[in-house]
Amino acid sequence: SPHHRAILRRLRVLLLGGALAMAAWGGGFLWFVSAIPRESPSTEDDATRRRTDAIVVLTGGSERLGMGLELLGAGLADKLFVSGVHQGVDVEELLRVAKLEPGDLETRIVPGYTAVSTEGNAEETAQWMRAQGYRSLRLVTANYHMRRSLLEFHMAMPGAEVIAHPVAPASVRLTDWWRWRRTTLLLAMEFNKYLVALARFWLDPPFDA
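Residues numbered from 1 in each chain as written. Predicted model: local features only at pLDDT ≥ 70, side-chain atom pairs only at ≥ 80, totals over all residues. Heavy atoms only, no water.

### Description of the packing of helix α6 (residues 146-156) against helix α7 (residues 181-203)
- Interaxial distance between α6 and α7 falls to 9 Å at its minimum, and their mutual angle equals 20 degrees. It follows that α6 is roughly parallel to α7 by the angle criterion. In terms of crossing hand, the pair formed by α6 and α7 is left-handed. The segment α6 lies against α7, with R147, R148, L151, E152, H154 and M155 engaging E190, K193, Y194, A197, L198, R200 and F201.
- Across the contact of α6 with α7, the residue classes tally to six nonpolar, one polar and six charged. (Axes fitted to C-alpha atoms, helices over the stretch in contact; angles between N-to-C directions. Helix = DSSP H or I, 4+ residues; strand = E, 2+ residues; numbered from the N terminus. Parallel < 35°, antiparallel > 145°, perpendicular 65-115°, else oblique. Left-handed = near helix turned anticlockwise from the far one by under 90°. Contact = heavy atoms within 4.5 Å. Nonpolar A, V, L, I, M, F, W, Y, C, P; charged D, E, K, R; others polar.)

The structure is reproduced here in structure tokens:
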């Protein structure tokens, strides 16, 4: 009957739309994974040697903090800001987690306690940067987390210069990632979060200041 044919047409349109959406998501996901840096920047890169006003580490692994402290010790910035630190964790505790002894760098480390998300990391850092009068930073976070972090930081401080310095966690196996269930789930979740951040960017693009 005409009624049944109309229902079948709607079902075909829905199935086709769903298949196209899944294909688009799958293609975007493969691009996202293939673009993840497999290792930290080479010390020979000009961007690696260039100084910035600050180094910013997003909490989430001792490798990130260790890299941030290494960059600070190399004289690539005057201050290291650690965003998303748990309440009650001081600088000495951060150094203990990174398996480092307190030293001359201790007074140059500033913990931030308000952020609980990547968006919050960007907002917390932007407030601190404005208070310090800083306009450039080197961002240290996990390699799979870097693309979304850069987008959030651009939205929070569009006029600032942000140099990416990704860290490759040993627990995230990017070689043949599809064979490792935990890595695949982590990457899929991160891609979905990136899409949400991208949608926010499109709906409310920042204006350079």
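### Considering the packing of aromatic side chains
- With the rule as written, the count across this model stands at nine aromatic pairs.
- When the centroid spacing of 5.5 Å and the interplanar angle of 70 degrees are considered together, the rings of W25 and F191 count as edge-to-face. Linking W25 in helix α1 (residues 2-34) with F191 in helix α7, this pair joins segments that are 166 residues apart in sequence.
- Accessibility expressed as a relative area gives 29% for W25, which makes it partly exposed.
- Joined through ring pairs, the aromatic side chains of W25, F29, F32, W177, W178, F191 and Y194 make up one cluster.
- When the ring centre of W180 is taken as origin, the NZ or CZ atom of R173, which lies over that ring, is 4.0 Å away. (Phe/Tyr/Trp six-rings, centres within 6.5 Å; stacked < 30°, edge-to-face > 60°. Buried < 20%, exposed > 50% of the residue type's maximum accessible area, 1.4 Å probe, protein only. Lys NZ or Arg CZ within 6 Å of the ring centre and 35° of its normal.)

### Considerations on the pairing of strand β1 (residues 54-58)
- A large share of β1 lies buried, amounting to five of its five residues.
- Burial along β1 is two-sided: A54, V56 and L58 facing one way and I55 and V57 facing the other are all buried.
- Where β1 lies against strand β2 (residues 79-83), five bridges are found, and the strand directions are parallel. Paired with L58 across the strands is S83, a residue of β2.
- For the handedness criterion, the β-α-β arrangement of β1, helix α3 (residues 62-73) and β2 is classed as right-handed.
- One ladder, built from four bridges, connects β1 with strand β4 (residues 136-142); its direction is parallel. Among the inter-strand pairings, I55 is bridged to a residue of β4, identified as R138. (Pairing = 2+ DSSP bridges. Right-handed = clockwise from strand over helix to strand, strands pointing away.)

### Regarding unusual backbone geometry
- Unusually for a residue other than glycine, D176 sits at a positive phi of about 55 degrees.
- Along the chain, D176 falls in the loop between β5 (161-167) and α7.
- Residue classification places D176 among the partly exposed residues on the basis of a relative accessible area of 29%.

### Re the sheet that holds strand β3 (residues 109-111)
- Across the sheet, five strands lie side by side as β3-β2-β1-β4-β5; this open sheet has parallel pairing. Of all strands in the sheet, those with a lone pairing partner are β3 and β5, marking the two edges. Across the sheet, the axes of successive neighbouring strands diverge by a mean angle of 25 degrees, strand direction being ignored.
- Direction of pairing for β2 relative to β3: parallel, over a ladder of three bridges. Along β3, the bridge assignment pairs V82 with P111.
- The sheet strands contacting helix α5 (residues 118-132) are β1, β2, β3 and β4, and the helix crosses β2 at an angle near 150 degrees.

The quantities given are spatial measurements derived from coordinates; they are silent on function.
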